[in-house]
Amino acid sequence: MNEQVIIFDTTLRDGEQSPGISLDVLEKLEIAEQLARLNVDYIEAGFPVASQGDFEAVQAIARRVEGPSIAALSRTQLRDVDRCWEALRDAERARIHIFISTSPSHLTHMLKMTNETVINEVKASVAHARSYTDDVEFSPQDATRTPLEFLYEVLQVAVDNGAGTINIPDTVGYGIPADFGHMVEEVRRNVHGEYVISSHCHNDLGLATANSLAAVAAGARQVECCVNGIGERAGNAALEEVVMALRVRSDLFDGLGTQVHTEELAKASRLVSRLTGYPVQYNKSVVGRNAFAHESGIHQHGVLAERSTYEVIDASAVGQQGSQIILGKHSGRHAFTSTLHDMGFDLAGDALNAAFERFKEMADRKSEITEADLEAIVTDELGVAIADRFELVSLSVASVSGESAKASVIVKIDGKEVTADANGNGMVDAIGKALSEATGISAQLTGFTVASVTGGVDALGDVVVTLQTPEAEVSGRGISTDIVEASARAYLNGLNRLLRAGEKASNTETP
Ligand SMILES: CC(=O)SCCNC(=O)CCNC(=O)[C@H](O)C(C)(C)COP(=O)(O)OP(=O)(O)OC[C@H]1O[C@@H](n2cnc3c(N)ncnc32)[C@H](O)[C@@H]1OP(=O)(O)O
Ligand SMILES: CC(C)C(=O)C(=O)O
Ligand SMILES: [Mg+2]
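Residues numbered from 1 in each chain as written. Chains lettered and ligands numbered in written order. Predicted model: local features only at pLDDT ≥ 70, side-chain atom pairs only at ≥ 80, totals over all residues.

### Comments concerning the overall build of the protein chain
At step 1: Counting its secondary structure elements, the protein chain contains 16 helices and 16 strands.
At step 2: In terms of principal-axis extent, the alpha carbons of the protein chain reach across some 90 × 55 × 50 Å.
At step 3: Split into buried and exposed, the 511 residues of the protein chain put 43% on the buried side.
At step 4: Considering only contacts in the protein chain between residues 6 or more positions apart, those separated by 24 or more positions represent 65%. (Helix = DSSP H or I, 4+ residues; strand = E, 2+ residues; numbered from the N terminus. Buried ≥ 20, exposed ≤ 12 C-beta atoms within 10 Å, placed from the backbone. Contact = placed C-beta atoms within 7 Å.)

### A look at the UniProt feature "domain: Pyruvate carboxyltransferase" (unreviewed entry) in the protein chain
At step 1: UniProt tags residues 5-266 as "domain: Pyruvate carboxyltransferase" (unreviewed entry).
At step 2: Strand forms 17% of residues 5-266 and helix 42%; the C-alpha atoms that close the span are 21 Å apart. (UniProt positions renumbered as here; feature names shortened; annotations may be inferred.)

### A short note on the nonpolar core
At step 1: The biggest cluster of nonpolar side chains holds 91 residues, and the ones touching the most others in it are I43, A45, I70, A72, L88 and V242.
At step 2: When residues no more than four places from it in sequence are discounted, the contact partners of A45 are L12, R13, K28, A32, A57, V58, I61, A62, I70, A71 and A72.
At step 3: Residues A372, A422, V428 and V465 belong to the second largest nonpolar core, which totals 27 residues. (Core = buried A, V, L, I, M, F, W, Y, C linked by C-beta atoms within 7 Å.)

### Points about the site of ligand 1
At step 1: In the vicinity of ligand 1 lie 14 residues, with A50, R75, T76, I100 and L111 positioned nearest.
At step 2: Split by residue class, the shell around ligand 1 holds 6 nonpolar, 5 polar and 3 charged. (Near = placed C-beta within 6 Å. Nonpolar A, V, L, I, M, F, W, Y, C, P; charged D, E, K, R; others polar.)

### Structural notes on unusual backbone geometry
At step 1: Its identity is not glycine, yet N39 carries a phi of approximately 70°, on the positive side.
At step 2: Of note, N39 is situated in the loop between α1 (25-38) and β2 (42-46).
At step 3: When the 15 C-beta atoms within 10 Å are taken as the criterion, N39 is described as partly exposed.
At step 4: For K112, which is not glycine, the phi dihedral falls at a positive 50°.

### Side note on the site of ligand 2
At step 1: Near ligand 2 the following residues occur: D14, L73, F99, S139, Q141, N167, P169, T171, H200 and H202.
At step 2: Looking at the shell around ligand 2, the elements that each hand over two or more residues are β5 (136-141) and β6 (165-170).

### Side note on the UniProt feature "binding site: Mn(2+)" (unreviewed entry) in the protein chain
At step 1: In the UniProt entry, the feature "binding site: Mn(2+)" (unreviewed entry) is given for D14, H200, H202 and N236. Their sequence span is 223 residues, while the largest C-alpha to C-alpha distance among them is just 10.2 Å; these annotated residues converge on one region.
At step 2: Mapped onto the fold, D14 is located in the loop between β1 (6-9) and α1.
At step 3: Excluding anything up to four places from it in sequence, D14 contacts C226, G231, E232 and N236.
At step 4: Following the sequence through the fold, H202 ends up in the loop between β7 (196-201) and α8 (208-217).

### Examining the domain arrangement of the protein chain
At step 1: If you check the domain split of the protein chain, you get domain 1 (6-276), domain 2 (293-382) and domain 3 (390-509).
At step 2: The C-alpha centroid of domain 2 is placed 44 Å from the C-alpha centroid of domain 1.
At step 3: Contact with domain 1, which involves 9 residues of that partner, is made by 6 residues of domain 2.
At step 4: Among the secondary structure elements, those contributing two or more residues to the side of domain 1 that touches domain 2 are α9 (239-248) and α10 (265-276).
At step 5: Residue composition of the side of domain 1 that touches domain 2, by class: 4 nonpolar, 1 polar and 4 charged. (Domains from an automatic or database assignment.)

### Considering the sheet that holds strand β11 (residues 390-398)
The strands making up a sheet are joined through hydrogen bonds of the backbone, oriented either antiparallel or parallel.
At step 1: In space, the 3 strands of this open sheet follow the order β11-β12-β13, with antiparallel pairing throughout. The sheet is open, and its two edges are formed by β11 and β13 (416-424), each paired on a single side. Here the average twist between neighbouring strands, direction ignored, is 20°.
At step 2: In this structure, strand β12 (residues 405-413) lies alongside β13, joined through 9 bridges in antiparallel fashion. (Pairing = 2+ DSSP bridges. Axes fitted to C-alpha atoms, helices over the stretch in contact; angles between N-to-C directions.)

### What to know about the confidence of the model for the protein chain
At step 1: Taken residue by residue, the protein chain gives an average pLDDT of 93. The fraction at 70 or more is 95%.
At step 2: Scored by ipTM, the complex comes to 0.97, with pTM at 0.84. (pLDDT = per-residue confidence, 0-100.)

### Brief notes about the pairing of β5
For a regular strand, the rule is simple: side chains alternate between the two faces of the sheet.
At step 1: Of all 6 residues in β5, 6 are buried; the element is thus mostly enclosed.
At step 2: Neither face of β5 is left uncovered, since the one carrying V136, F138 and P140 and the one carrying E137, S139 and Q141 both have all their residues buried.
At step 3: Where strand β4 (residues 94-101) and β5 come together, 6 bridges link them in parallel fashion. Paired with I96 across the strands is V136, a residue of β5.

Structure representation (structure tokens):
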């Protein structure tokens, strides 16, 4: 097997140091379980001396999470090391990670320590940690602003006292790939003994992933990183970026790989985003919602012909849904025709040209073109009649705070009126359940947006819903001066579309 790069995940330690993030024990455990499914090599679970809560979280993860080794952070103070071990001691495999600053800036202004004191602190703390475990990591904080000769000296002391991993933290994101890679090479040349060299890069200049890869190219065999790139200030190297870059460009890294189960990346990203409250930017590489979305005609033409024309990663390899063709003002006829085909409309010649022109006019005015819009183009502009089987006759909804909402609907189905009632967790939920009951089609509501079409007190509300079944996903749109009624119309519009999608699929299946 090829040599591997060790993935040291620090989402629960450095990631949690992001302003505004505070994870409780259960939340940390939930993320740690997902990190285990991701198959990272190390989970840095926290900084036990920081608080009783963090101590308990590290202890719970050490006791319960199977698979990865569990690490925790410690200053050089011996009571920190003791507390760290106390939290970690029940893990199957545990690592104590000790750090102290080494740069003139930190030593003069912050720690007020001499180089000699730092050396003594490192000696004593690393040796003390080794009395607990064979697996000790040492980090010289602010390494990239530390004079090289002192850096070698500190790291040599750490190795001589039993640190098996030495980390090069670019604490303030000061490194540039070429010089950071050079620093890693020089450390390898000048620090003697048996150790794994690691990188820990921050993103202040947007270079955390690039610097981590430069470190690997220079001989680092551990990368410290966080899911979604969260962490102090601008964050840490993003785990998903480092892992996928090593995989996609293994030709440049002597076939070095990681053990990460990449199909779990999107799930890990969503979980960390949900529990930390930190959104993932749309255009975030690998896990962003646009990472596999194509809006421009030339790209869509390529992707429809062969995915790899505009994608270097297969979405399914990272647990994402697949390539998405998004219609907008930059789209062309290939994507337009293909989307209409998927909706059951096969247009050609003049009909296609007329519909395409209407679509472009609409796209100049609207940023999001939904299936409902396309259907409107085909029906309104080209006179293709699409009969809706379900028609809303009446709706009544009641909601009292603290109680579940109640909805009653009357739906006309093939000329006959069907009544249904349902309770729900909120008005939209109750309406959805009542409409599903009346029509016999159940679906999961996976998207709901409201916009106002016009201004003023009688503004028209425009509701777009996304409904999902195991077989299909459709959007539905409803417009009314009453948002609740607009929601019901959108929901029923989606159910009509699901019905047509089902009929179309069964027609296609018939030999
Ligand atoms: C680059 C990094 O990410 S480093 C990790 C940063 N993470 C955190 O700081 C999160 C957790 N931290 C905390 O909860 C608190 O800062 C604690 C509990 C660790 C310490 O709290 P306090 O005792 O109130 O000290 P405070 O945070 O104000 O100052 C830091 C102290 O640690 C000392 N210190 C800082 N780094 C180290 C180190 N690596 N080794 C030894 N001492 C250190 C400082 O000199 C200062 O000591 P002083 O109080 O004697 O002046
Ligand atoms: C504790 C160390 C590794 C750190 O987070 C940093 O220097 O950024
Ligand atoms: Mg850090």
